[in-house]
Amino acid sequence: MIQTIGLTKRFGSIVAVDGLDLDVREGDVYGFLGANGSGKTTTVRMLLGLVLATAGSMTVLGRSMPSSGREVLPQVGALVEAPAAYDDLSGRANLSLFDSMGPSAGRASRAGRIDDVLEQVGLGGIDRRPVRAYSLGMRQRLGLANALLRKPKLLILDEPTNGLDPQGIREIRQLLLELNTQGTTIFLSSHLLAEVEQLCTRVGVLDRGRLVIQEQLEVLQRPTGRLYVRTPDVALARGLLDGQVEDHDVASLLVRSDDPAGLNSQLVAAGVRVEMLTPERHTLEDVVLEATEPGSDRVARA
Amino acid sequence: MIAVELRKLVRSRRTWITILLIDTLPTLVAVLLTLTDVGPRPGTGPAFLSAVLKDGTLFPLAAIAMVLPLFLPVAVAVTAGEAIAGESQAGTLRYMLIRPVGRTRLLVAKLASVMAFVLLTVLVVAVTAYVVGTLLLGHATGGSSTSFSGTALSSQQILLRTLLALGYAMLSMLGVAAIALFLSTVVHAPLAATMGTLAALIASTLLLTLDAASSLQPYLPTRYWLSFVDLFRDPILWHNVVHGVVLQVIYVAVFLAAAWANFMTKDIKD
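Each chain carries its own residue numbering, running from 1 in the direction its sequence is written. For this description, chains carry letters from A and ligands carry numbers from 1, given in the order in which they are written. The predicted origin of the model limits local features to residues at a pLDDT of at least 70 and limits the giving and counting of side-chain atom pairs to 80 or more, whereas totals for whole chains, interfaces and linings rest on all residues. As a convention, hydrogens and water are excluded, and side-chain values are obtained from all of the structure's heavy atoms.

## Focus on the overall build of chain B
Counting secondary structure elements, chain B contains 10 helices and 2 strands. Where helices and strands are cited, they refer to DSSP runs of H or I of at least four residues and of E of at least two residues respectively, numbered from the N terminus. For chain B, the N- to C-terminal ordering of α and β elements is α-α-α-α-α-α-α-β-β-α-α-α. C-alpha atoms define the radius of gyration in this analysis, and the globule rule sets the expected value at 2.2 Å times the number of residues to the power 0.38. Here the C-alpha atoms of chain B give a radius of gyration of 20 Å, agreeing with the 18 Å that 2.2 N^0.38 yields for 270 residues. Structurally, chain B occupies a C-alpha span of about 60 × 45 × 30 Å along its principal axes. Only protein chains enter the accessibility calculation, which uses a 1.4 Å probe; a residue is then buried when its area is under 20% of its type maximum, exposed when over 50%, and partly exposed in between. Going through the 270 residues of chain B one by one, you find that 48% of them count as buried.

The following block contains the structure:
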């Protein structure tokens, strides 16, 4: 769906994006992670033809961008940073105005499509109030509605849950997952690890303009080869598993082993009461922090 | 896209308030003329005003001559200055471009909408001025008017020349719009584009009064703005009008080309 080769953007002497090789496949929910200022937004803008790349090439939906924008962009829905709307028009009037721009998506179906997307994003009961009077969360929902208006094959979303309360975040997450099962590929740019962890199947991590990780989420969260055991009989277990215990505290142990079932029967046979036994996994946070440096919004003394 | 921009134009409350404000000045002048019956001495004051006292149907021309040097350029500079920079500041520009609306298409639509605004303003001013003029100042007897050269002009001649004059005024405003549109693609704040345009026009007007700048004067954008008055001489004095047309066409071509070149290669970052 999205493929970039050596995508690079320089602003003067600053390299914002450096030799990016993205690969987003059909059906992915792709989490594009990176600290503030790592180049996420610049990348999103390049994919949409808003910012022109200094070097490299990219294809979106199999066609080269930005030269095929006229064919590609009608099939792409996007939220780029904050949503934007004409403040003195109502939400509905805004959607209608944006829908009448560019290649027509069918004037006859417009009112129906607007009703549909407003319902989808939870603004079904919206009245004629101008957008000026909307809350941050309502604007965010309206922005999403605008992105969904033409039933896109690919959604490019930059921080889509910005300004939403926990209920709203969950609602939007469910909506995105639902769209994904219906066949929409989603490219989600975010700095919220938890959001990406809950939503995405594939993750790319950007660090100061470079792609440092691009992998399936499950692979990143693979087991560490250690088992976490909770037991009241820590001393007994340590004696039994001499040499295998890598760490322990008063109520639990970390055991180097790749056979949870075997370890469990061994412990139980020796009379160790096991409250919980689970493979330890790498967390996305560890993986990301290990691969990246502090964000560019931190300005340390050299 | 032009239709979309026109829709935005006529829906905007600001459009109508601006037109109303512009329309106030000539109406006020008509009322004052009626109450006092004191016209400017021939050769002073706004064009046509002395003639208006004799024939109210000429008042639309006088009204246009009043709003052209200041009000109309200010309104055009505001509207065209906002064209790209305003959308950019509101964040709507990026959502337009990814719809996708081609950048060239957007520029053309914006320019068309600015010119539609000028046409609308000129028409409203002309119509109100005609109504106010005939009601307050009355008709001339005999169905003909007097040209600046003292000969009689038929109503048909007046109409034709009025249309030419309106066209000329539109072209002059297109020149202003081109400058403002160019600046609008350069700066971030719409206000900067508007003020930049006005600064250029004020500088031009100032240099026109300075003898030392006489070698520059034929190339200044405001030099021939009021030359449409020459269309009402008998026979028509074409010299300045033609110069004005050529000059404005050059300004429009240069600044639109610059606006296009700049906008096509611009990174949309806000």
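## Considering the overall build of chain A
Across its full length, chain A carries 11 helices and 15 strands. Dimensions of chain A along its principal axes, counting C-alpha atoms only, are 75 × 50 × 40 Å. Sorting the 302 residues of chain A into buried and exposed places 46% on the buried side. The contact criterion used is simple: two residues touch if any of their non-hydrogen atoms lie within 4.5 Å. Partitioning the contacts of chain A with sequence separation of at least 6, the portion at a separation of at least 24 is 66%. His is not counted, nor are the chain ends, whereas Lys and Arg count as positive and Asp and Glu as negative. Note on charges: their place is set at NZ of Lys, CZ of Arg, CG of Asp or CD of Glu. Distance between charge centres in chain A, computed from 33 positive and 38 negative side chains, equals 8 Å.

## Side note on the domain arrangement of chain A
Here the limits of each domain have been adopted from an automatic or database domain assignment. Taken as a whole, chain A is organised into domain 1 (2–220) and domain 2 (223–281). In this structure, domain 1 of chain A and domain 2 of chain A have C-alpha centres spaced 45 Å apart.

## Here we look at the pattern of salt bridges
Residue and element names in this part refer to chain A. Salt bridges are identified by distance alone: a Lys or Arg side-chain nitrogen within 4 Å of an Asp or Glu carboxyl oxygen. Within this structure, the stated rule accounts for 25 salt bridges over all chains. For the salt bridge of D23 with R25, the shortest nitrogen-to-oxygen distance reads 3.5 Å. Between E246 and R256 there is a salt bridge whose closest N-O contact spans 2.6 Å. Placement of E246 in strand 13 (residues 245–248) and of R256 in strand 14 (residues 252–256) is noted, with a sequence separation of 10 residues between them. A relative accessible area of 40% places R256 in the partly exposed class. One network of salt bridges, with partners in common, ties together D23, R25, D28 and R202.

## Description of the pairing of strand 13 of chain A
If a strand is regular, its side chains alternate between the two faces of the sheet. Residue and element names in this part refer to chain A. Pairing between strands requires that DSSP locate at least two bridges from one strand to the other. In the sheet, strand 13 pairs with strand 14 via 3 bridges, with the strands oriented antiparallel. Each bridged residue has a counterpart across the sheet, and for D247 the counterpart in strand 14 is L254. Counting the residues between successive antiparallel strands, the hairpin from strand 13 to strand 14 contains 3 residues.

## Some details on empty space enclosed by the protein
To locate leftover empty space, one rolls a probe as large as a water molecule over the atoms. Grid points spaced at 1 Å and placed over the protein atoms alone form the basis of the search, with a cavity being a set where a 1.4 Å probe fits but cannot get out and a pocket an open set showing protein on both sides within 12 Å along at least five of seven lines. Lining residues have an atom within 4 Å of a point. Grid points are joined across faces, edges and corners, and a volume is the space filled by probe spheres set on the points. By the definition in use, this model includes 5 cavities of 30 Å³ or more. Considering only enclosed or pocket space, the largest cavity measures out at about 100 Å³ in volume. What lines the largest cavity is simply L73(A), P74(A), V76(A), G77(A), A78(A), N146(A), A147(A), R150(A), P152(A), Y95(B), I98(B) and R99(B). Listed by contribution, the elements that provide at least two residues to the lining of the largest cavity are strand 7 (76–79) and helix 5 (136–148) of chain A. Considering each element in turn, the lining of the largest cavity owes the most residues, 3 residues, to strand 7 of chain A.

## So, the packing of helix 7 (residues 103–137) of chain B against helix 8 (residues 155–186) of chain B
All names here are of chain B. Interaxial distance between helix 7 and helix 8 falls to 10 Å at its minimum, and their mutual angle equals 140 degrees. When the axes of helix 7 and helix 8 are compared, the pair comes out oblique. For the element pair helix 7 and helix 8, the recorded crossing hand is right-handed. Across the interface between the two elements, L107, K110, L111, V114, M115, V118, L119 and V122 from helix 7 touch L166, M170, M173, L174, A177, L181 and T185 from helix 8. Ten residue types, Ala, Val, Leu, Ile, Met, Phe, Trp, Tyr, Cys and Pro, are classed as nonpolar, four, Asp, Glu, Lys and Arg, as charged, and the remainder, Gly among them, as polar. For the contact of helix 7 with helix 8, a count of residues per class yields 13 nonpolar, 1 polar and 1 charged. Lines fitted to C-alpha atoms define the axes, with helix axes restricted to the stretch in contact, and inter-axis angles between N-to-C directions lie between 0 and 180 degrees. Oblique is the label for every angle not falling under 35 degrees (roughly parallel), over 145 degrees (roughly antiparallel), or within 65 to 115 degrees (roughly perpendicular). Handedness of each helix crossing follows the sense of rotation of the near helix against the far helix: counterclockwise by less than a right angle gives left-handed, clockwise gives right-handed.

## Digging into the layout of surface pockets
One number sums up the size of the largest pocket: a volume of about 990 Å³. Every residue lining the largest pocket is counted, 36 residues in all, and those nearest its centre are D88(A), K8(B), S12(B), R14(B) and E82(B). When contributions to the lining of the largest pocket are tallied by element, the ones reaching two or more residues are helix 1 (2–11), helix 2 (13–36), helix 5 (71–90) and helix 7 of chain B. Tallying contributions element by element places helix 5 of chain B first for the lining of the largest pocket, with 11 residues. The residue makeup of the lining of the largest pocket, split by class, is 16 nonpolar, 8 polar and 12 charged.

## Re the packing of aromatic side chains
All names here are of chain A. For Phe, Tyr and Trp, rings pair up if their centres lie within 6.5 Å, where Trp contributes its six-membered ring, and each pair is then called stacked (planes under 30 degrees apart), edge-to-face (over 60) or tilted (otherwise). Here the structure, examined in full by the defined rule, presents 5 aromatic pairs over all chains. Summarising the aromatic geometry, the rings of F32 and F187 are spaced 5.1 Å apart at their centres and angled 40 degrees between planes, so their arrangement reads as tilted. One end of the pair, F32, is in strand 4 (residues 29–34); the other, F187, is in strand 9 (residues 185–190), with 155 residues separating them in the sequence. Per residue, the accessibility class of F32 equals that of F187, and both read buried. Judged by centre distance (5.7 Å) and plane angle (20 degrees), the rings of Y86 and F98 are stacked. Placement of Y86 in the loop between strand 7 and helix 3 (91–99) and of F98 in helix 3 is noted, with a sequence separation of 12 residues between them. The two residues Y86 and F98 agree in class, both being buried.

## Examining the nonpolar core
Membership of the largest hydrophobic core comes to 153 residues, with the highest contact counts inside it found for L48(A), I156(A) and F187(A). The biggest single contributor to this core is helix 8 of chain B, with 14 residues. Those residues in contact with F187(A) that lie beyond four places of it in its chain are I2(A), L22(A), V24(A), Y30(A), F32(A), V44(A), L47(A), L155(A), I156(A) and L157(A). Counting residues in each nonpolar core, the second largest holds 10 residues, with L227(A), L263(A), L267(A) and V272(A) among its members. Buried Ala, Val, Leu, Ile, Met, Phe, Trp, Tyr and Cys residues that are joined via side-chain atoms within 4.5 Å together make up what is termed a nonpolar core.

## A closer look at a negative patch on the surface
Residues and elements named next belong to chain A. Residues enter patches when they are more than 30% accessible in relative terms and free of salt bridges; like-charged ones are connected within 9 Å and nonpolar ones (Val, Leu, Ile, Met, Phe, Trp, Tyr) within 5 Å. All accessible areas in this document rest on Shrake-Rupley with a 1.4 Å probe, and a residue is counted as covered only by the protein chains that are shown. A surface patch of like charges, here negative, comprises E197, E285, D286 and E290. Looking at the negative patch, the element that brings in the most residues is helix 11 (residues 284–291), giving 3 residues. When you line up the elements, E290 lands in helix 11.

## Some details on the sheet that holds strand 13 of chain A
All names here are of chain A. One open sheet accounts for 4 strands, arranged 13-14-12-15; its pairing is antiparallel. Of all strands in the sheet, those with a lone pairing partner are strand 13 and strand 15 (276–281), marking the two edges. Across the sheet, the mean angle separating the axes of adjacent strands is 25 degrees when strand polarity is ignored. In the sheet, strand 12 (residues 223–230) pairs with strand 14 via 5 bridges, with the strands oriented antiparallel. The residue bridging L227 from the neighbouring strand is V255, located in strand 14.

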